[in-house]
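# Chain and residue survey
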Amino acid sequence: MTDFIRDLDFYQLDDWLSSEEKMTRDAVRRFVQREALPSIERHFANETFPLELVPEMARLGIFGANLKGYGCAGMNNIAYGLIMQELEACDSGLRSFASVQSALAMYAIYSSGTEEQKKRYLPEMAKGKLLGCFGLTEPDHGSDPGGMETRARKDGSHWVLNGTKRWITNGSIADLAIVWARVDEGITGFIVEKGTPGFSAADIHGKFSMRASITSELVLDEVRLGESHHLANARGLRAPLSCLTQARYGIAWGAVGAARTCFQCALEYAKSRKQFSRRLAGYQLVQRKLVDMLTEITKAQLICFRLGQLKDAGTMRPEQVSLAKRNNVNAALEIARMARDMLGANGIVNEYPVIRHMLNLETVNTYEGTYDVQTLILGRDITGESAFD
Amino acid sequence: MKILVPIKRVPDPATTIRVLPDGSGIATDNIKWVINPFDEIALEEALRIKERQGAGDVVLVSIGQQSWQEQLRTGLAMGADRAILVKAEQPVDTFAVARILAKIVADEKPELVIIGKQAIDDDSNQVGQILAELLGWPQATFASKIEIADGRCTVIREADGGLETVAFTLPAVITTDLRLNEPRYASLPGIMKARKKPLKEIAVDTLGLDLHPRVKIKAMKAPQKRQAGRKLSSVQELVQALHTEAKVI
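The model shown is predicted, which means the values in this text are computed figures rather than measured ones.

About the criteria used
Residues numbered from 1 in each chain as written. Chains lettered and ligands numbered in written order. Predicted model: local features only at pLDDT ≥ 70, side-chain atom pairs only at ≥ 80, totals over all residues. Heavy atoms only, no water. Helix = DSSP H or I, 4+ residues; strand = E, 2+ residues; numbered from the N terminus. Buried < 20%, exposed > 50% of the residue type's maximum accessible area, 1.4 Å probe, protein only. Contact = heavy atoms within 4.5 Å. Areas by Shrake-Rupley, 256 points an atom, 1.4 Å probe, with all protein chains shown as cover. Lys, Arg positive; Asp, Glu negative; His and termini not counted. Charge placed at Lys NZ, Arg CZ, Asp CG, Glu CD. Pairing = 2+ DSSP bridges. Axes fitted to C-alpha atoms, helices over the stretch in contact; angles between N-to-C directions. Polar contact = N/O pair within 3.5 Å; in protein donor to acceptor, adjacent residues only side chain to side chain. Domains from an automatic or database assignment. Buried area = accessible area lost by both parts, 1.4 Å probe. Salt bridge = Lys/Arg side-chain N within 4 Å of Asp/Glu carboxyl O. Nonpolar A, V, L, I, M, F, W, Y, C, P; charged D, E, K, R; others polar. Phe/Tyr/Trp six-rings, centres within 6.5 Å; stacked < 30°, edge-to-face > 60°.

Moving on, we get to the overall build of chain A. Each helix and strand counted, chain A has ten helices and ten strands in total. Taking the principal axes of its C-alpha atoms as reference, chain A extends roughly 80 × 45 × 40 Å. Within chain A, the proportion of its 389 residues that are buried is 57%. Considering only intrachain contacts with a sequence separation of at least 6, the fraction spanning at least 24 residues in chain A is 75%. In the structure as shown, chain A presents an accessible area of about 15800 Å², 51% of it carried by carbon and sulfur atoms. The positive charge centre, built from 46 side chains, and the negative charge centre, built from 47, are 4 Å apart in chain A.

If you want it as structure tokens, here you go:
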């Protein structure tokens with residue numbers, strides 16, 4: 001497959017990047033081009049995740065890259081965002097894998113775990129020796145996680161969990177699941193290791209999107225856990241939602257990568273394909289589309305950069321992440337659809353990466369808070385009126 | 001073993017190069033700069049030699065402006081131990097580069113210099129050879145395999161007619177060909193560590209060398225655009241065209 005992963009920097013944002021940030025981006029891009037890109041279409045076709053890439057991703061330091069200590073690289077959030085951008089320039093599934101491992105599973109332990117839990121799990125997760133997933137969504141509770149039905153009850157010194165989680169990225173390949181459950185006081189989290197009696201994961205098949213990513217259902221049937229597996233510092237829905245804020249941050253960056261690949265592919269196609277008397281790129285209709293794409297990508301890049309600065313300064317608000325996720329993913333989806341259209345019949349085959357990105361972005365638009373849920377979050381923020389219920 | 005790896009900053013091979021209208025050089029705004037890919041292969045080989053031997057010191061050197069330290073930092077992030085930037089505001093030609101490197105070699109006393117066979121910007125393919133001559137050291141150019149044991153080095157080099165094996169004693173200069181290895185990319189922890197590694201700056205005029213240019217660039221032109229081909233209807237027509245137009249038969 002032709003490689004369309006390259007820079008698009010119309011506003012010279014590179015001038016704002018430190019040499020470390022640029023080095024990080026270049027290293028991940030090189031990894032993607034050399035190791036991930038050659039096999040991604042095969043994995044997408046076969047509905048498999050490229051597990052063989054995990055050791056090299058770990059060596060690079062991608063997992064938990066923006067966490068400090070516990071074997072993590074300790075990069076800043078701009079560098080972390082650039083990592084996500086380059087991974088998703090290859091495939092949203094590859095970025096999802098890294099997001100779930102880092103921003104959801106590792107971050108949950110990092111922010112709500114005991115010191116012992118952090119020491120036990122985080123270094124192994126950074127090394128890619130332990131893979132994680134994040135069980136919040138349920139079959140009947142997607143946008144409304146507060147209505148979750150999974151319950152944990154105390155039984156002596158143990159906890160007993162019952163319930164079902166659905167749409168869980170990495171579910172069946174994970175060594176541990178962060179599972180959120182209702183208790184008498186509200187909502188709390190648990191670390192459920194693979195092989196725990198009563199715990200099972202089954203893959204969801206028939207996906208038309210995110211096919212190079214594993215999506216599973218987790219079933220918890222009288223799963224007994226000791227207090228050592230309880231994220232005791234996670235109290236209330238705020239704990240999982242703070243993980244989602246981390247993941248949305250990475251998604252906002254990642255979407256730019258997918259959009260960029262679609263743009264570069266459409267641009268190259270338009271410059272090389274001739275119809276009627278001239279190349280496609282010479283038609284005003286085509287130029288208009290390319291310029292719209294460029295403009296939206298540039299705007300999304302600016303949002304990401306500023307959001308990263310705020311996150312590094314510690315002043316980022318979750319609502320600001322919602323705006324970025326909502327805008328950037330929606331823009332990426334529109335760009336992918338436009339690119340698909342510009343490629344004509346070639347836009348529907350896997351010789352070009354466009355339709356794969358287009359299909360993937362439908363998922364990205366939905367997960368970690370749909371486009372509409374982000375709208376309600378922002379609507380509440382500016383009006384003071386909650387429209388959720 | 002101490003290994004010196006000279007690296008040059010060049011435009012990313014994927015960058016579209018534009019020649020300035022006055023022909024004095026190329027437009028450098030908006031260019032992405034990288035380590036010359038052949039030098040990157042040299043660095044990778046130096047790192048592998050160090051890893052095989054379990055110890056060693058890989059020293060990078062580059063000659064250029066302050067901004068060149070970005071490429072030195074990348075090399076440090078890949079795993080080099082320290083770096084030297086010889087600061088020169090004006091471009092230096094290959095002979096001057098070799099003289100500067102010879103001076104750095106005299107100060108650093110490495111047992112081996114590994115350098116790319118050429119830089120992908122001007123493709124001169126001279127520095128390694130001139131440097132070996134200035135030092136009076138053995139040289140092996142276009143290396144596709146390097147083995148070192150007991151102070152002796154065996155290099156398989158890519159010659160025109162096939163592969164040539166040469167053996168010599170160290171110290172020596174080796175220039176790298178494309179097939180020697182596939183360079184690693186820097187890891188994120190490596191990038192963080194690179195920040196703390198020593199990078200020494202030396203002003204070129206403190207070296208006391210005669211660096212007046214032997215080569216002057218008089219003009220630069222973009223290569224002629226390739227003409228589109230045309231379809232011919234018969235073999236006769238082709239033969240005719242090859243004879244009268246292309247004048248090859």
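Moving on from the coordinates now.
Secondary-structure assignment places Ser99 of chain A in helix H4 (residues 92–112). Those residues in contact with Ser99 of chain A, other than ones at most four positions away along the chain, are Tyr80, Met84 and Leu104 of chain A.

Let us now look at the pairing of strand S6 (residues 112–116) of chain B. Residues and elements named next belong to chain B. By the criterion of burial, S6 is predominantly enclosed, with five of the five residues buried. Strand direction decides the pairing type here: strand S1 (residues 2–6) and S6, joined by two bridges, are parallel. Its bridge partner being in S6, Leu4 is matched across the sheet by Val113. In terms of strand pairing, S6 meets strand S10 (residues 172–176) through five bridges, oriented parallel. In the strand pairing of S10, Ile115 is matched with Thr175.

Residue and element names in this part refer to chain B. One open sheet accounts for nine strands, arranged S9-S8-S7-S10-S6-S1-S4-S5-S11; its pairing is mixed. Unpaired on one side and paired on the other, strand S9 (162–169) and strand S11 (199–203) mark the two borders of the sheet. Averaged over all pairs of adjacent strands, the angle between strand axes in this sheet comes to 30°, irrespective of strand direction. Where strand S5 (residues 82–87) and S11 come together, five bridges link them in parallel fashion. Residue pairing in the sheet places Ala83 in a bridge with Leu199 of S11. Sheet strands in contact with helix H1 (residues 37–53) are S1, strand S4 (57–64), S6, strand S7 (139–149) and S10, and its direction is about 145° off that of S6.

All names here are of chain A. Topologically, Ser92 is positioned in helix H4. Reaching out from Ser92, the side chain makes a polar contact with the side chain of Glu88 at a distance of 2.7 Å. Excluding residues within four positions of it along the chain, Ser92 makes contact with Met210, Asn360, Leu361 and Val364.

Moving on, we get to the domain arrangement of chain A. Residues and elements named next belong to chain A. Splitting chain A by domain gives domain 1 (4–126), domain 2 (132–231) and domain 3 (238–383). The contact between domain 1 and domain 2 buries some 2000 Å² in all, and 64% of this surface belongs to carbon and sulfur atoms. Contact with domain 2 buries surface across domain 1, with Phe44, Glu47 and Tyr121 losing the most and accounting together for 29% of the total. Taken together, the links from domain 1 to domain 2 amount to two salt bridges. A salt bridge links Glu47 to Arg211; its shortest N-O distance comes to 3.4 Å. On inspection of domain 1 and its partner domain 2, the count reaches 13 residue pairs in polar contact (both at pLDDT 80 or more). Per-element accounting of the side of domain 1 that touches domain 2 gives the leading share, eleven residues, to H4. Per-class residue counts for the side of domain 1 that touches domain 2 are 14 nonpolar, ten polar and three charged.

Residue and element names in this part refer to chain A. Scanning all chains against the criterion turns up twelve aromatic pairs over all chains. When the ring of Tyr80 is compared with that of Tyr249, the centres are 6.5 Å apart and the planes differ by 15°; the resulting orientation is stacked. Residue Tyr80 is located in helix H3 (residues 77–90), and its partner Tyr249 is located in helix H6 (residues 238–272); the two are separated by 169 residues in the primary sequence. Judged by its relative accessible area of 0%, Tyr249 falls in the buried class.

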